[in-house]
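Here are the chains, one letter per residue:
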Amino acid sequence: MTSEAAKALQFETEFLSGIGVNLEQAKGRDLRGSIWQRTEHDEIDRLRALLAENRIFDREVLSSLPANRRIALHGFERRFFWGRRRTGVAVASTLSPLRHFASKKDGPGPPITLGELTDHLRKLTANVKTPHLIGVCSPTGFTEECKRAKLEMPNATVVLVEPDGSGGWRTLAAGDSVDPRVLKIFDPEGSKQKLQRVQEAVEARRTDLLTGGLSASALARETNLPEELVRQGFLELSKGDAELRLARKDGEFLLFRGAPAEPGERKSMNVIDRIRRLLSGEGNESAKINLLAERRAALAQRRDRIYEDITRLEKKEADLFDEGKLATSAVPRRRIAAQLAQMRRDIARLNTSAGMLNQQINIISTDIHNLSLIQQGRLAQLPDSAELTEHAVEAEEMLESLQSDAEMVTGLEQGMEKTLVSDEELAILEEFEQASASPKSAEAAPKREGVPGRAQPRRESASAGERPGRVRDEPFAEDSAADEPEAPGRRSRGPADPEAT
């Protein structure tokens, strides 16, 4: 199926799993009752029928689509010894356009209309005498008519839930009098997940911390989270990172990058060094960097607000320009022209202010960079030239001593090897060397014909163009010597004379 159907199924699963945990925690606290009964329902039969209408009978497709599942938690109280009385019902339901997903249509599903929502609520509130808390989640969202409508149902409180597009959820009260605790019950995202989302948003905007800072109010609007929760996330991040700082500037809660915490004093530092350090003013780079970084963050937030104002003015300017083009009379055109001229002057002034702020931020950033270099150089505590020279001489002497010791140990090892070998073993080793050298000496000796025990070379076959029986400049073969035995005292024959042959 399409990715939109898979996304709707994921939203349905996340909503029901989160609300299931909230309902378990609300038992006896926000929900009345001492006896509980949990039931689960779905519209899988209706979904199967819709797929059959489109000639789709694959079970995998059926399991990959949302099925409008819901959870109902029924509360009871003990009455006398044998009976019980119903105290209320809490329902967490999902509502998706099943017909759209069953027809394999491309694109996201349509939002739920007011008529679909009303029909769905009527099915859930069959018994109007029992108090109902109903949370309806639509993975594809609700229409504006649904959000503006005040669903005043008898003995029922309705909450609408939809994805907000930033990884969270948007909970809306479908009525005037809705307890905030009820909204919290039907919020599938827990506090830990929201804090994790704040940390992820800060991590995604790490580059803004290098040139400015992050505002809690701006990040709260971006993530659709309460500002107090964003501040708590900033506080948790500052505890884990020594360079992150928090400050309140012009009513804004800012998170910015400052100087790391100063290391502790060295144990070897005496009283005179401490006094000298205090009088010289050294070691205050961290405080200076933090102060400058706080100023830079405030200036960056002011610059960003100016840019937002410029964007709004530019949009209004474009609208006025289109209105002036469509105007047919000279009077409205002159009025619009005057408004455009004034608006463009305002935009130019705002751009000038933003440019000035950029220059101030650049100056502060340069000063922060220089102070950071000074601080890093002092924290390193590098040795001076005299210490470097002394250490180099000691290292060279150490290497020379090590080299002489290694040569002495090598000579001792060789003498020890000769001492450990006996005379008998040396004689056997000499026999091994003579035996391995004798074949090489025999091959290296000159070949003489007729020498007893010497193998004679074989006769090569006649090549093309030679007369049969002729040997090419080689001694007689062993077979001819075997046919004619050598007489006593007779000298062996030399090479055959070609002319005599």
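Residues numbered from 1 in each chain as written. Predicted model: local features only at pLDDT ≥ 70, side-chain atom pairs only at ≥ 80, totals over all residues. Heavy atoms only, no water.

J.: Account for the sheet that holds strand β1 (residues 35–41), with residues named and values stated.
T.: Read across the sheet, six strands follow the order β1-β2-β3-β4-β5-β6 without closing on themselves; strand pairing throughout is mixed. Of all strands in the sheet, those with a lone pairing partner are β1 and β6 (169–173), marking the two edges. With strand direction ignored, the average angle separating the axes of adjacent strands in the sheet is 20°. Contacts from helix α1 (residues 3–26) reach β1, β2 (70–79), β3 (83–94), β4 (132–137), β5 (156–163) and β6 within the one sheet, and its direction differs from that of β3 by about 150°. Its contacts with the sheet put helix α5 (residues 114–124) on β2, β3, β4 and β5, and the angle it makes with β4 is roughly 140°. (Pairing = 2+ DSSP bridges. Helix = DSSP H or I, 4+ residues; strand = E, 2+ residues; numbered from the N terminus. Axes fitted to C-alpha atoms, helices over the stretch in contact; angles between N-to-C directions. Contact = heavy atoms within 4.5 Å.)

J.: If you had to explain the packing of aromatic side chains to someone new, which residues and values would you point to?
T.: Counted by the stated rule, this structure contains two aromatic pairs. Between F11 and W169, the aromatic rings sit 5.7 Å apart at their centres with planes inclined by 75°, giving edge-to-face as the arrangement. You can see F11 sitting in helix α1 and its partner W169 sitting in strand β6, a full 158 residues away along the chain. Seen in terms of ring centroids, F15 and W169 are 6.3 Å apart; in terms of plane orientation they differ by 50°. Their pairing is tilted. Of this pair, F15 sits in helix α1 while W169 sits in strand β6, and the two are 154 residues apart along the sequence. Of the two residues, F15 and W169, both sit in the buried class. Clustering of aromatic rings is evident, with ring pairs tying together F11, F15 and W169. Residue placement shows R84 over the ring face of F76; its charged tip is 4.2 Å from the ring centre. (Phe/Tyr/Trp six-rings, centres within 6.5 Å; stacked < 30°, edge-to-face > 60°. Buried < 20%, exposed > 50% of the residue type's maximum accessible area, 1.4 Å probe, protein only. Lys NZ or Arg CZ within 6 Å of the ring centre and 35° of its normal.)

J.: Any chance you could break down α5 for me, citing the residues and the numbers?
T.: Every buried residue of α5 is accounted for by L114, L117, H120, L121 and L124. Down the axis, α5 shows its buried residues gathered within 130° of arc, on one side only. Facing away from the buried side of α5 by more than 90 degrees, the exposed set consists of R122 and K123. Taken together, the buried residues of α5 touch β2, β3, β4, α6 (144–148) and β5. (Arc of directions from axis to C-beta.)

J.: So, the pairing of β2: which residues are in play, and what are the values?
T.: With seven bridges connecting them, β1 and β2 associate as antiparallel partners. Bridge pairing in β2 links W36 to G75. Bridge analysis of β2 against β3 gives 10 bridges, and the strand direction is antiparallel. Residue R79 lies in a different strand from β3, and its bridge partner there is G83. The antiparallel pairing of β2 with β3 creates a hairpin that spans three residues between the two strands, and F80 there sits at a positive phi of about 55°.

J.: Account for the side chain of R231, naming residues and giving values.
T.: Counting through the fold element by element, R231 comes out in helix α11 (residues 227–240). With a relative accessible area of 19%, R231 lands in the buried category. In this view, R231 contacts A216, R248 and F253; residues no more than four positions away in its chain are not counted.

J.: Which residues make up the pattern of salt bridges, and what values go with them?
T.: The final tally for this structure, using the stated rule, is 27 salt bridges. A salt bridge links K27 to E24; the shortest N-O distance between them is 3.0 Å. By relative accessible area, K27 is classed as partly exposed at 28%. On the accessibility criterion, E24 (39% relative accessible area) is partly exposed. Of the charged contacts in the structure, one is a salt bridge between R303 and D304, with a shortest N-O distance of 3.6 Å. By relative accessible area, R303 is classed as buried at 16%. A single salt-bridge network, built from bridges that share partners, covers E24, K27, R38 and E40. (Salt bridge = Lys/Arg side-chain N within 4 Å of Asp/Glu carboxyl O.)

J.: So, the confidence of the model for the chain: which residues are in play, and what are the values?
T.: When pLDDT is averaged along the chain, the result is 78, and 79% of the positions lie at 70 or above. In the model, residues 263–267 has pLDDT below 50 throughout and makes five contacts with residues more than four positions away in sequence or in other chains. Counted against residues more than four places away or in other chains, residues 447–501, with its pLDDT under 50, gives 34 contacts. (pLDDT = per-residue confidence, 0-100.)

J.: Hey, could you go over the sheet that holds strand β7 (residues 213–215) for me, with residue numbers and the actual values?
T.: Strand order in the open sheet formed by three strands is β7-β9-β8, with antiparallel pairing between adjacent strands. The strands lining the two open edges of the sheet, one partner per strand, are β7 and β8 (244–249). Direction aside, the axes of adjacent strands within the sheet are offset by 25° on average. With three bridges connecting them, β7 and strand β9 (residues 252–257) associate as antiparallel partners. If you follow S215 over to β9, its bridge partner there is L254. Of the strands in this sheet, β7 and β9 touch helix α10 (residues 216–223), which is tilted by about 65° from β7.

J.: Provide a residue-level description of a nonpolar patch on the surface, including the pertinent values.
T.: A cluster of nonpolar side chains, namely L426, I428, L429 and F432, defines an oily patch on the protein surface of about 380 Å² accessible area. Its location among the elements puts F432 in helix α16 (residues 423–444). You can call F432 exposed: its relative accessible area is 55%. (Patch = residues over 30% accessible without salt bridge, like charges linked within 9 Å, V, L, I, M, F, W, Y side chains within 5 Å. Areas by Shrake-Rupley, 256 points an atom, 1.4 Å probe, with all protein chains shown as cover.)

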